[in-house]
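Letter by letter, the chains look like this.
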Amino acid sequence: MVHKKAGALALGAALLLSTSALAQEKRTLTYNADYDPIPLAAMEALIADFEAANPDIDVVLNNFDHEGYKTAIRNFLTADAPDLANWYAGNRMAPFVNAGQFMDVSDVWEANGLSDSLASAKASMTIDGKQWGIPYTYYQWGIYYNRDAYAAAGVDLPADGMTYDQFVANCEKFAAAGIDCLTTGTKALWPGAGIFDYMSLRTNGYEWHMDLTAGKVEWTDQKVRDVFAQWARIQPFITKNHAAIDWQDAAALLVQGKAANYVMGNFAVGVFKEGGMTNDNLGFMVFPEITPGIPRAEEAPTDTIHIPAGAKNVDDAKKFLAFMASPEAQTKWNAAQGQLPVNKNASVNTEDPFLVAGFQMLSTAEGGIAQFFDRDAPAEMAKAGMEGFQEFMVKPENLDAILERLEKVRQRVYQ
Amino acid sequence: MTAFWKANQRKLAPWLFLAPGLLMFAVYVIGPIFESMWISLYDWDGLGEARWIGTANYVELFDDDAFYTSLKNNVIWLVLYMLAVPAGLLIAIFLNQTITGIRIYKSLFFFPFVISQVVVGLMFSWFYAPDFGLFYKLIEVFTGQGIAILAEDRFVTYGIIAAGLWPQIAYVMILYLTGLNNVAPDQVEAARLDGAKGWRMLWYVILPQLRPATFIAVVVTVIGALRSFDLVSIMTDGGPFGSSRVLSFYMYEQALSEYGYRMGYGAAIAVVLFAIMMVFISGFIWKMWRDETER
């Protein structure tokens, strides 16, 4: 079980002293995480399994608010490091790795054959040829749509292999019916980056997109303008006040049928279903093809667990990482959360059409798998970029000024 | 020892009493000011090695559009926040009468200052919210087209200032209400006998007696305008696309937020903000010092 406070345990142990011999001393393993209620319950169940298998270890989970965690981690890594901490793969972990705040866990990968079983995420966990954490879940991005809205506007349901031209043509029909073709809520900026990533991946391909986020392409380049030119075609059909609403508010628009499509991650399915949607009227499609013949690349941000450099109980922490990398643990956690396990030997719930579709989509993405704009690009570039994307979706006429600003940031960030 | 104490007791005692406060002030206020200035000359992510770059942060700052947006918004805040002073005075005069239940009305008017700024921000974001916000609906009824204030870069700063004015007016009102208690009734009586009423009464008789209250009201309003951070953070997060940023929020974004980590650059912004505040603060201190010595 998860002890929020060790005091209760100590008291309990003291009371038991009279009856039993000295209770076995437990080693504490502190774990800082940022789970929402459903994944938290899943993780608590996993921790119970882990503690049952290792009765001498007591895992103390400190759960943070999701947004607050992102700033809190900088403090606790230096001030009071736990033994385990949640974070993200790709460029998002680079500042901590470069500052020596995360521990090299290549030996855990080596000892458990993870290079094979976690192969799909190995590249995004590797910096300087070493692995710095364990990926335990990822989820696909794509377009979620409301079948009822399609019916209300008299638009045919999207079929496999739909092209972007058809998608834009559909948008005009939705506009005529008074339905937002594409919705998003960019108050927190990042949802807009999902749209940009797909525009970029579909227009110029994975390699180019990675060069762009790695700072090798100028933002004033013609190919960047090509991406925005494609985006401009659906810009008029995006929910008008997206800059003032959160992504959950936009999800409500989709649920109510006021919007038809939503470029989102699979975690949104829970919100759609809480809003009353079912597998019957909620649909999922792969983002349509823009430039024909480009190998299809997808977006699948990976969540990870790391050992901070200041961890006190490193041995048990590594044991826990090995446990979280196992197919059993990943199957169990991801089944509860409705996400995809990274371990290729883990299994997916075949009852869930969105997971099946996502698993199918990611395993056949021959182009590559991107993490997400704010994980692929360095933090400052990501912030400036996402602000630019938001501005573009509100005022497409400002494109030149936006791109010049982004180019200025690029020259500073990647020097 | 005791002889020394006896001789200097009257000189030493005030300093002994002041010592804890002075120590705290030096460690937590004076020290950090100079430390910020020092950090602003470095390129530092808060974790790794700090690199000396001289004035490069300031050079970049003066070529940064976001900085000028924040500066402009700070000026708008300063100017419009001043409305709280006349508005607070008006309400205070209105409430300064003796009828049954006036205390209830006074506390109702004071209520917005009691609730947290975060709650004020949330209430106003719902008020402005597209599709279901009351304000949005009202605009829709009158013009046929709703305006999401917080998504419009032209209106967003004004929308936030309106939210900030609500508790600020209540604050100023309370200051004036206490001031009005001290207005000498005999002077009012005398002015009335001389035939003064309405505006002339207010301008020549009441307001001069309210000068101390006005001074405090202006000071707290200027400081409130310059440190406006919580409302911006709650209502828009600086958005849409950075158009509602103010200097304090921009500093937080650059130095401490999820995508920031530029301690040096954030410190440079803080130094500029400090310089602006210093203009006002020295003005206030100078005035207070003059008033004290004139007596």
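Please read these numbers as outputs of a predicted model, since none were measured by experiment. (Residues numbered from 1 in each chain as written. Chains lettered and ligands numbered in written order. Predicted model: local features only at pLDDT ≥ 70, side-chain atom pairs only at ≥ 80, totals over all residues. Heavy atoms only, no water.)

## Observations regarding the packing of aromatic side chains
All names here are of chain B.
- Under the criterion given, the structure shown has 59 aromatic pairs over all chains.
- Taking 5.7 Å as the distance between ring centres and 80° as the angle between the ring planes, the aromatic pair formed by Phe124 and Phe127 counts as edge-to-face. With a gap of 3 residues between them, Phe124 and Phe127 both fall in helix α6 (residues 117-128), about one helical turn apart.
- Over the ring of Phe215 we find Lys287; its NZ or CZ atom is 4.7 Å from the centre of that ring. (Phe/Tyr/Trp six-rings, centres within 6.5 Å; stacked < 30°, edge-to-face > 60°. Helix = DSSP H or I, 4+ residues; strand = E, 2+ residues; numbered from the N terminus. Lys NZ or Arg CZ within 6 Å of the ring centre and 35° of its normal.)

## Thoughts on unusual backbone geometry
- The residue A:Phe372 is not glycine, and still its phi comes out positive at about 155°.
- Secondary-structure assignment places A:Phe372 in the loop between β13 (368-370) and α18 (373-376).
- The class of A:Phe372 is buried, set by a relative accessible area of 5%.
- Phi at B:Phe241 is positive, roughly 35°, even though this residue is not glycine.
- In this fold, B:Phe241 is placed in the loop between α12 (230-235) and α13 (247-255). (Buried < 20%, exposed > 50% of the residue type's maximum accessible area, 1.4 Å probe, protein only.)

## Re the domain arrangement of chain A
All names here are of chain A.
- Here chain A is described as being made up of domain 1 (6-136 + 303-346) and domain 2 (141-299 + 367-413).
- Using C-alpha coordinates to define each centre, domain 1 is positioned 33 Å away from domain 2.
- On the side of domain 2, 8 residues touch domain 1, which itself brings 9 residues to the contact.
- Counting the surface lost from both domain 1 and domain 2, the interface buries some 690 Å², and carbon and sulfur atoms represent 40% of this. (Domains from an automatic or database assignment. Contact = heavy atoms within 4.5 Å. Buried area = accessible area lost by both parts, 1.4 Å probe.)

## A few points about the sheet that holds strand β2 (residues 57-63) of chain A
All names here are of chain A.
- Spatial ordering of the open sheet is given by β2-β1-β3-β12-β6, a layout of 5 strands whose pairing is mixed. Strands at the two margins of the open sheet, each flanked by one partner only, are β2 and β6 (134-138). Within the sheet, the average angular offset between the axes of one strand and its neighbour, ignoring direction, is 25°.
- For strand β3 (residues 84-88) and strand β12 (residues 302-306), the ladder comprises 4 bridges, and the chain directions are antiparallel. (Pairing = 2+ DSSP bridges. Axes fitted to C-alpha atoms, helices over the stretch in contact; angles between N-to-C directions.)

## Side note on the interface of chain A and chain B
- Opposite the 28 residues of chain A that make contact, chain B presents 28 residues.
- Taken over both partners, the interface formed by chain A and chain B buries close to 2500 Å², and the fraction arising from carbon and sulfur atoms is 56%.
- It is A:Arg74, A:Lys187 and A:Asn241 that lose the most area in chain A upon contact with chain B, and together they represent 23% of the buried surface on that side.
- Notably, a salt bridge pairs A:Glu380 with B:Arg262, separated by 3.7 Å at the nearest N-O pair.
- Where chain A touches chain B, the interface holds 8 residue pairs in polar contact (both at pLDDT 80 or more).
- At the level of elements, α3 (66-79), α19 (379-394) and α20 (399-413) of chain A are the ones that each hand at least two residues to the side of chain A that touches chain B.
- Partitioned by chemical class, the residues of the side of chain A that touches chain B number 10 nonpolar, 5 polar and 13 charged. (Salt bridge = Lys/Arg side-chain N within 4 Å of Asp/Glu carboxyl O. Polar contact = N/O pair within 3.5 Å; in protein donor to acceptor, adjacent residues only side chain to side chain. Nonpolar A, V, L, I, M, F, W, Y, C, P; charged D, E, K, R; others polar.)

## What about the UniProt feature "transmembrane region" (unreviewed entry) in chain B?
All names here are of chain B.
- Mapped onto the present numbering, the UniProt feature "transmembrane region" (unreviewed entry) falls at residues 12-34, 75-96, 108-129, 155-180, 201-226 and 265-286.
- For residues 75-96, helix accounts for 86% and strand for 0%, while the C-alpha atoms at its two ends are 33 Å apart.
- For the annotated span residues 155-180, helix accounts for 96% and strand for 0% of the residues, and the straight-line distance between the end C-alpha atoms is 36 Å. (UniProt positions renumbered as here; feature names shortened; annotations may be inferred.)

## A word on the pattern of salt bridges
- In total, this model carries 28 salt bridges over all chains according to the counting rule given.
- Here the salt bridges share partners, and the residues they tie into one network are A:Arg27, A:Asp56, A:Asp316 and A:Lys319.

## Points about the packing of α19(A) against α20(A)
Residues and elements named next belong to chain A.
- It is at 10 Å that the axes of α19 and α20 come closest, and there the two elements cross at 180°. Taken together, the axis directions place α19 and α20 in an arrangement best described as roughly antiparallel. In this structure, α19 uses Glu380, Met381, Ala384, Gly385, Gly388, Glu391 and Phe392 to contact α20, whose residues at the interface are Leu399, Ile402, Arg405, Leu406, Val409, Arg410, Arg412 and Val413.
- Among the residues forming the contact of α19 with α20, the class breakdown is 8 nonpolar, 2 polar and 5 charged. (Parallel < 35°, antiparallel > 145°, perpendicular 65-115°, else oblique.)

## Considering the sheet that holds strand β9 (residues 259-265) of chain A
Residue and element names in this part refer to chain A.
- Across the sheet, which stays open at both edges, the 4 strands sit in the order β8-β9-β7-β10 with mixed pairing between neighbours. This sheet does not close on itself; its edge strands, each paired only once, are β8 (180-183) and β10 (282-285). Shown here is a sheet whose adjacent strand axes are inclined to one another by a mean of 25°, direction ignored.
- On the sheet, helix α10 (residues 190-204) packs against β7 (141-146), β8 and β9 and is oriented at approximately 90° with respect to β9.

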